[in-house]
2 protein chains.
Amino acid sequence: MIGIFDSGFGGLTVMKEYLKKYPDFDYVYLGDQANAPYGPHSRERVEALTLKNIDYLVKQGCKLIIVACNTASADALRVVQQKYKGKPVILGVIVPAVEAAFKQSRFGNIGVIGTRGVIKSGAYERELAKYGVLYAPTDKRARKEVKVYSQACPLLVPLIEEGILSHPATRMILRNYLRPLKNANIDTLILGCTHYPLLQKEIARMMGKNCIVISSAKAAVDAIEPYFKAHPDLLKKISKKGGRQYLTTDCPERFAEIGGRFLGEKIEVEKVDI
Amino acid sequence: MIGIFDSGFGGLTVMKEYLKKYPDFDYVYLGDQANAPYGPHSRERVEALTLKNIDYLVKQGCKLIIVACNTASADALRVVQQKYKGKPVILGVIVPAVEAAFKQSRFGNIGVIGTRGVIKSGAYERELAKYGVLYAPTDKRARKEVKVYSQACPLLVPLIEEGILSHPATRMILRNYLRPLKNANIDTLILGCTHYPLLQKEIARMMGKNCIVISSAKAAVDAIEPYFKAHPDLLKKISKKGGRQYLTTDCPERFAEIGGRFLGEKIEVEKVDI
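All figures in this text were calculated on a predicted structure; none of them were measured in a lab.

S.K.: What should I look at first to understand the confidence of the model for chain A in this one?
M.R.: In the predicted model, chain A carries a mean pLDDT of 92, and the fraction of residues at 70 or more is 95%. Both scores are available for the predicted complex, with the pTM at 0.88 and the ipTM at 0.85.

Now the structure itself:
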């Protein structure tokens, strides 16, 4: 079984990509709605909450756990990985997005948008800085430094959860957030929040043809194929009966309603006490 | 000492009114930022969280506790009042706002705006329904039925916390929320969320001269004077050394920053584990 953990609904965009690519696996999705959103919490609190929820998924027998929440990936992934030491395998969403951005960026001008918590953590900047120098794929000799431009977009999550995606107010707020990134001439933009794929078309339109938009949800799933190839034992261990379970720590009705919109299908949601 | 409890910063608008009217009292403000916002939580969770926080304020020796959060007042006030049976006195913000609206409404067409949680709870409707029939103060013979028009405004809290009060997107979203209330010709509008006084001028402007706007924060403080007159013992018991303490269960820096904006003065904030 694969466990997908998120603070709320956002991780369902990751789940959606997984279901497209690997429909046969058994999945359990856990949204910690009782403590959502994680964005405004302190690092210590995100760590404590993530540990508790991952413990629960481990007890359910998950062989692979995806921390689908960018805030939890930024603040708590290392702690849970150190606790479980690969049993089970626990992966986040930041490194795959950074790798995809690094591969696709032409000039190394990379933008990142996310919640206040993710941007404040500096996690994307730190991962991107590891690459340091980018060799432009069009010209191997043209070395380009990676430059990172970050922008916190705290209003996008509430706007998306309210479902007012094509409202002029949403476009206005989005344009304000993206303006400094456009002015910086970024060639690649990482959507560092699993909610943002719901606005991906609008964001891509605003950023224009010269900017590649990378969803951390899509990147996380794209990265798993080579991972499975390198770890065939893991692939064998994951049960494959096409099962899906949706768990939340609070408000199952609201979760089913908004979650269904994220996933594009009706879902049954069960409340669990963790 | 007076305890003022809120899920986050919002209750500081209540505290501000208290400080204006009763600057000599000792105050402790407690914001449960670790679990904020309460709006999207289930009723059971709001009950459990409110109980825990009120227990803490009781242990600090508060003689009067104001549940300054509309969601907590709607979902959990009765439970905490039943637990403490008047020792200490615990008051909410809904009944005072309803009484103020009832007194000031000319025709009984009363609107309420609040978070999704407050509106869903039906608490304002229930309290207003107790009055049933309103006698118009201008003509004692003209009996008017109280009609209540409710509107959840879930995006106002994030917009206010981001401080983009006079942004065109905020005005656009606000206008959308207020349109059905304007169309219903309400003569009185209750701001059923302690964040909303920060938008009170804009709301009053949009609703026009024929609509009275009532802040639940202001109403809560206005209601306390007659309460003190009726309970002089309580007034004597409250310590009066002008002390102020600001406590939060998470993110003291962010609390100090946004809280200072709500209160209109710089504050020092201490983190507590509850």
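S.K.: What is the right way to read the state of the cysteines from this model?
M.R.: A disulfide bridge is the covalent bond that connects two cysteines by way of their sulfur atoms. If you walk through the whole model with that rule in mind, you get 0 disulfides over all chains. Unpaired in this structure, Cys211(A) has its nearest cysteine sulfur neighbour in Cys153(A), at a distance of 13 Å. Of all cysteine sulfurs, the one in Cys69(A) lies closest to Cys251(B), which takes part in no disulfide; the gap is 14 Å. Using a relative accessible area of 9% as the deciding quantity, one classes Cys251(B) as buried.

S.K.: It is not clear to me how the interface of chain A and chain B should be interpreted in this structure. Could you clarify?
M.R.: One widely used convention gives an interface's size as the accessible area the parts lose upon coming together. Contacts between the two partners involve 26 residues from chain A, matched on the other side by 26 residues from chain B. Of the roughly 2100 Å² buried where chain A meets chain B, counting both sides, 58% is carbon and sulfur surface. It is Leu155(A), Glu162(A) and Met172(A) in chain A that bury the most area against chain B; as a group they hold 22% of the surface buried on that side. Inspection of the chain A/chain B interface yields 2 salt bridges. One salt bridge connects Arg116(B) with Glu162(A), and the closest N-O pair in it is separated by 2.4 Å. The interface formed by chain A and chain B includes 10 residue pairs in polar contact (both at pLDDT 80 or more).

S.K.: Mind showing me how you'd approach the packing of aromatic side chains here?
M.R.: Here the distance between the centres and the angle between the planes together describe a pair of aromatic rings. Evaluation of the coordinates by the stated rule reveals 22 aromatic pairs over all chains. Summarising the aromatic geometry, the rings of Phe5(B) and Tyr38(B) are spaced 6.2 Å apart at their centres and angled 55° between planes, so their arrangement reads as tilted. Remark: Tyr38(B) occurs in the loop between strand S2 (27–31) and helix H2 (43–59) and Phe5(B) occurs in strand S1 (residues 2–6); sequence separation between them is 33 residues. Take Phe5(B) and Tyr38(B): they sit in the same class, and that class is buried. Plain terms: the ring middles of Phe9(B) and Phe262(B) are 6.2 Å apart, the flat faces sit at 40° to each other, and that makes the pair tilted. Note that Phe9(B) is positioned in the loop between S1 and helix H1 (12–21) and Phe262(B) in helix H13 (residues 252–263), a separation of 253 residues in sequence. Under the relative-accessibility criterion, Phe9(B) is labelled buried at 1%. Take Phe262(B): its relative accessible area is 2%, and that puts it in the buried class. Through successive ring pairs, a cluster of aromatic residues spans Phe9(A), Tyr29(A), Tyr246(A), Phe255(A) and Phe262(A).

Rules and cut-offs
- Residues numbered from 1 in each chain as written.
- Chains lettered and ligands numbered in written order.
- Predicted model: local features only at pLDDT ≥ 70, side-chain atom pairs only at ≥ 80, totals over all residues.
- Heavy atoms only, no water.
- pLDDT = per-residue confidence, 0-100.
- Disulfide = S-S within 2.5 Å.
- Buried < 20%, exposed > 50% of the residue type's maximum accessible area, 1.4 Å probe, protein only.
- Contact = heavy atoms within 4.5 Å.
- Buried area = accessible area lost by both parts, 1.4 Å probe.
- Salt bridge = Lys/Arg side-chain N within 4 Å of Asp/Glu carboxyl O.
- Polar contact = N/O pair within 3.5 Å; in protein donor to acceptor, adjacent residues only side chain to side chain.
- Phe/Tyr/Trp six-rings, centres within 6.5 Å; stacked < 30°, edge-to-face > 60°.
- Helix = DSSP H or I, 4+ residues; strand = E, 2+ residues; numbered from the N terminus.

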